[in-house]
Amino acid sequence: MTRVLHATTELFPWVKTGGLADVTAALPEALADIGVDARTVVPGFPAIMAALGDASPVYEVAGLFGTATMRVLHGFLPNRKTAVYVVDAPALFQRPGNPYSHPTGGDWSDNLLRFAMLGWAAAKLAAGELDRQWRPDVLHVHDWHPALAHAYLAEAWPPVKTVFTIHNIDYPGRFPPHDYGRLGLAHWLAAPYGPLEFFGDLCFLKAGVLLAHRVTTVSPTYAEEISLGKHGGGLDAIVRSRDDRLVGILNGVDYGTWDPRHDTHLPTTYDPHDVTGKTICKAQLRQHFALADDTAGPVFIVVSRLNWQKGLDLVVNATETLVAAGAQLVVVGSGDGHLEWQFRQLQQRFPRQVGVHLGYSEPLAHLAMAGGDALLMPSRHEPCGLTQLYAKRYGTLPVVQSVGGLADTVDHHSGFTFDEQFTSLSDVIQHVVHVHHDRTRWQQMMMTAMRQNFGWESSAYAYLRLYQELQG
Ligand code: ADP
Ligand code: GLC
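Rules used throughout
Residues numbered from 1 in each chain as written. Chains lettered and ligands numbered in written order. Predicted model: local features only at pLDDT ≥ 70, side-chain atom pairs only at ≥ 80, totals over all residues. Heavy atoms only, no water. Helix = DSSP H or I, 4+ residues; strand = E, 2+ residues; numbered from the N terminus. Buried < 20%, exposed > 50% of the residue type's maximum accessible area, 1.4 Å probe, protein only. Contact = heavy atoms within 4.5 Å. Areas by Shrake-Rupley, 256 points an atom, 1.4 Å probe, with all protein chains shown as cover. Lys, Arg positive; Asp, Glu negative; His and termini not counted. Charge placed at Lys NZ, Arg CZ, Asp CG, Glu CD. Near = heavy atom within 4 Å. Polar contact = N/O pair within 3.5 Å; in protein donor to acceptor, adjacent residues only side chain to side chain. Nonpolar A, V, L, I, M, F, W, Y, C, P; charged D, E, K, R; others polar. Domains from an automatic or database assignment. Axes fitted to C-alpha atoms, helices over the stretch in contact; angles between N-to-C directions. Parallel < 35°, antiparallel > 145°, perpendicular 65-115°, else oblique. Left-handed = near helix turned anticlockwise from the far one by under 90°. Salt bridge = Lys/Arg side-chain N within 4 Å of Asp/Glu carboxyl O. Pairing = 2+ DSSP bridges. Expected span 1.5 Å × (residues − 1).

Engineer: Go over the overall build of the chain, please, and point to the residues and values.
Structural biologist: A count of helical and extended segments in the chain gives 18 helices and 18 strands. With the C-alpha coordinates of the chain rotated into their principal frame, the extents come out at 65 × 45 × 45 Å. When burial is assessed residue by residue, the chain has 62% of its 472 residues classed as buried. Considering only intrachain contacts with a sequence separation of at least 6, the fraction spanning at least 24 residues in the chain is 69%. Approximately 18200 Å² of the chain is accessible, and the part contributed by carbon and sulfur atoms is 51%. When the 36 basic and 46 acidic side-chain charges of the chain are each reduced to a single mean position, those positions are 2 Å apart.

Engineer: Let's hear about the site of ligand 2: which residues, and what values?
Structural biologist: Residues in contact with ligand 2 amount to 14 residues; listed here are only the nearest, His167, Asn251, Glu382, Cys384 and Gly385. In this structure, an oxygen atom belonging to ligand 2 sits 3.0 Å away from a main-chain N or O atom of Cys384. The contact in question runs from an oxygen atom of ligand 2 to an N or O atom on the backbone of Gly385, over 2.8 Å. Burial of ligand 2 by the surrounding chains reaches 93%, relative to a free accessible area of 310 Å². Here the shell around ligand 2 gets three residues from one element, more than from any other, and that element is helix H1 (residues 19-33). Taken together, the residues that form the shell around ligand 2 break down as six nonpolar, six polar and two charged. No fewer than three residues from each of domain 1 (3-252 + 457-471) and domain 2 (276-452) sit in the shell around ligand 2.

Engineer: Lay out the packing of helix H10 (residues 276-288) against helix H13 (residues 362-371) in plain terms, naming residues and giving numbers.
Structural biologist: For the pair H10 and H13, the least separation of the axes is 8 Å and the interaxial angle reads 125 degrees. Between H10 and H13, the crossing angle belongs to the class labelled oblique. Regarding H10 and H13, the two cross each other, and that crossing is left-handed. Contact residues: Lys278, Cys281, Lys282, Gln284, Leu285 and His288 in H10; Leu364, Leu367, Ala368, Met369, Ala370 and Gly371 in H13. Classifying every residue of the contact of H10 with H13 by side-chain character gives seven nonpolar, three polar and two charged.

Engineer: Tell me what's going on with the domain arrangement of the chain, and back it up with residues and numbers.
Structural biologist: Each assigned domain of the chain is listed here: domain 1 (3-252 + 457-471) and domain 2 (276-452). A straight line from the C-alpha centre of domain 1 to that of domain 2 covers 32 Å. Between domain 1 and domain 2, the residue contacts involve 20 residues of the former and 19 residues of the latter. In this structure, the connection of domain 1 to domain 2 is made through zero salt bridges. At the level of secondary structure, the elements contributing two or more residues to the side of domain 1 that touches domain 2 comprise H1 and helix H8 (220-227). Ranked by residues supplied to the side of domain 1 that touches domain 2, first place goes to H8 with four residues.

Engineer: Hey, could you go over the pattern of salt bridges for me, with residue numbers and the actual values?
Structural biologist: By the definition in use, this model includes 20 salt bridges. Between Arg174 and Asp201 there is a salt bridge, with its nearest N and O atoms 3.1 Å apart. Of this pair, Arg174 sits in strand E8 (residues 174-175) while Asp201 is found in strand E10 (residues 201-203), placing the two residues 27 residues apart along the sequence. Given a relative accessible area of 22%, Asp201 falls into the partly exposed group. Linking Asp373 and Lys282 is a salt bridge whose minimum nitrogen-to-oxygen distance equals 2.7 Å. Residue Asp373 is found in the loop between H13 and strand E16 (374-377), and its partner Lys282 is found in helix H10; the two are separated by 91 residues along the sequence. In terms of burial, Asp373 and Lys282 fall into one category: buried. Linked by salt bridges that have partners in common, Glu29, Asp33, Arg80 and Lys81 make up one network.

Engineer: Please give an account of the environment of Leu210 that cites residues and values.
Structural biologist: Turning to its location among the elements, Leu210 is positioned in helix H7 (residues 204-211). For Leu210, a relative accessible area of 28% translates into the label partly exposed. Spatially, the C-alpha atoms of Leu210 and Tyr100 are 24 Å apart, while their sequence positions differ by 110 residues. If near-sequence neighbours (up to four positions away) are discounted, Leu210 is found in contact with Pro195, Ile238, Ser241 and Arg242.

Engineer: Account for the pairing of strand E3 (residues 56-62), with residues named and values stated.
Structural biologist: Relative to strand E4 (residues 69-75), E3 runs antiparallel, the two being bridged by six bridges. From the neighbouring strand, Ser56 faces E4, where its bridge partner is His74. Once E3 ends, the chain turns through six residues before running back antiparallel as E4, passing Gly63 with a positive phi of about 85 degrees.

Engineer: Tell me about H10, residues and numbers included.
Structural biologist: Along its 13 residues, H10 runs 19 Å from first to last C-alpha, staying within 8% of the 18 Å computed at 1.5 Å per residue. Of all the residues in H10, the buried ones are Gly277, Lys278, Cys281, Lys282, Leu285 and Arg286. For H10, the secondary structure elements touched by its buried residues are strand E13 (299-306), strand E14 (328-335), H13 and helix H17 (439-451). Once H10 finishes, Ala290 follows within two positions and takes phi at roughly 55 degrees, a positive value.

Engineer: Please give an account of the sheet that holds E13 that cites residues and values.
Structural biologist: Taken together, the six strands give an open sheet; going across it, the order is E15-E14-E13-E16-E17-E18, and neighbouring strands pair in parallel fashion. Each edge of the sheet is formed by a strand with only one pairing partner; in this case those strands are strand E15 (354-358) and strand E18 (416-418). The mean angle between the axes of side-by-side strands here comes to 15 degrees, regardless of whether they run parallel or antiparallel. Across the sheet, H10 is in contact with E13 and E14; its angle to E13 comes to roughly 65 degrees. Each of E13, E14, E15, E16 and strand E17 (397-401) touches helix H11 (residues 312-324); the most contacted strand, E13, lies at about 160 degrees to it.

Engineer: Now, about the side chain of Thr396: what can you tell me, with residues and values included?
Structural biologist: Along the chain, the position of Thr396 falls in the loop between helix H14 (387-393) and E17. Within the local environment of Thr396, its side chain forms a polar contact with the side chain of Lys278, the two groups lying 2.8 Å apart. Only 3.1 Å separates the side chain of Thr396 from the backbone oxygen of Gly372, close enough to count as a polar contact. Here Thr396 is in contact with Lys278, Ile301, Met369, Gly372, Asp373, Ala374, Leu375 and Ala391, once residues within four sequence places are set aside.

What follows is the structure, encoded as structure tokens:
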């Protein structure tokens with residue numbers, strides 16, 4: 001049985017800022033379903049510590065990275081069959097807010113040490129030095145935060161293979177080099193042209209890309225884009241140098257959480273055989289946002305981090321057209337202050353046609369998926385994207401730019417694609433409203449979307465094949 005240790009900062013439902021949490025929660029469980037012994041190492045953030053039941057310490061040390069004590073606990077989180085190792089370092093992780101920044105915004109000033117600690121623990125677990133009862137065949141590192149694990153393994157050469165998954169190359173994990181001496185890593189790793197050095201800074205993602213045995217990203221098209229330098233953020237040459245080891249494996253959907261057949265956030269359930277429940281969800285969504293309920297046009301939704309990558313300025317610019325075309329817009333999102341302000345302004349201007357929730361809300365995200373007709377996701381880059389896949393299962397047709405994982409998952413039978421170089425979002429929205437009038441065609445597209453299967457099984461097998469290939 002293949003043993004795999006996943007390393008991540010986010011794990012749904014306890015710690016989540018985006019799709020990473022959904023993936024790292026679902027993938028180990030999907031691997032377990034196909035016979036892999038999968039475990040996960042996470043920082044002891046408050047929500048994780050609170051949810052962790054009886055857990056046994058497998059390791060304890062004082063003074064590491066300036067912490068009084070650090071323990072590694074082994075246990076289970078509720079409703080999960082795969083075990084976790086929790087890095088219980090209260091001085092670094094027992095903090096309010098999201099994993100990376102203050103509740104008031106702004107990254108924690110000691111993030112270098114915080115995530116070095118996670119990488120160190122992942123590497124030592126992978127080397128079999130922390131839990132004498134278990135060590136993995138493969139260490140699978142997600143995104144830049146735990147990526148120093150590769151550096152900690154670089155000189156030890158334990159018999160473990162490593163996979164580094166890029167969930168978003170726009171977040172490279174860059175730090176000024178002055179605290180490098182505190183990390184306990186060899187000098188050469190951060191010397192000019194070393195695997196950690198990037199224009200005089202330390203770059204966690206670069207270390208992952210250069211030192212892992214295999215590099216993956218979360219869709220085949222994004223793999224191609226980042227190695228062609230389309231969204232490399234300056235790291236494209238580094239990625240290209242590992243081209244032969246880069247593979248794109250599409251994310252899956254956890255239909256246990258995202259399916260209108262049994263979604264407990266909804267006023268009623270529905271399925272492709274009977275979609276009347278969707279009308280009830282739409283009424284509730286409109287009611288929640290005090291939107292007019294006598295509008296015949298479609299309800300467009302946005303459920304997203306609000307930033308430039310997601311192309312939400314395009315939505316801001318297209319909203320007047322959307323309203324003029326007889327449609328409505330519901331936005332559930334948070335992020336960039338200017339975009340938040342712009343959406344708030346639009347809501348004030350069109351109170352009966354535009355509803356806005358600024359902030360993170362799991363229940364509203366589900367209600368919007370069910371109550372909407374079409375999801376707007378005009379991302380400029382999208383490594384994979386999960387919301388377009390969730391939307392399909394709820395019969396809400398995705399409207400996407402044809403990039404990254406969106407290009408791999410949305411076609412004209414089950415959604416709408418465009419390229420902002422040739423078509424404006426306003427034009428696409430008018431087209432969608434037009435198609436929505438054709439009830440037979442719309443219903444057909446809904447049925448196609450709802451019946452597609454983006455479950456985790458085939459992606460879990462793809463990862464398993466990769467692990468087995470590495471094990472030889
Ligand atoms: P990304 O990881 O780039 O943000 P994904 O589409 O992969 O994009 O995943 C986004 C995840 O975050 C989805 O689970 C989506 O429902 C969730 N999400 C985004 N914004 C919000 C919000 N404001 N409230 C609740 N969930 C949100
Ligand atoms: C990142 C990407 C998103 C992807 C998610 C999970 O946050 O922006 O496209 O779906 O990771 O892999």
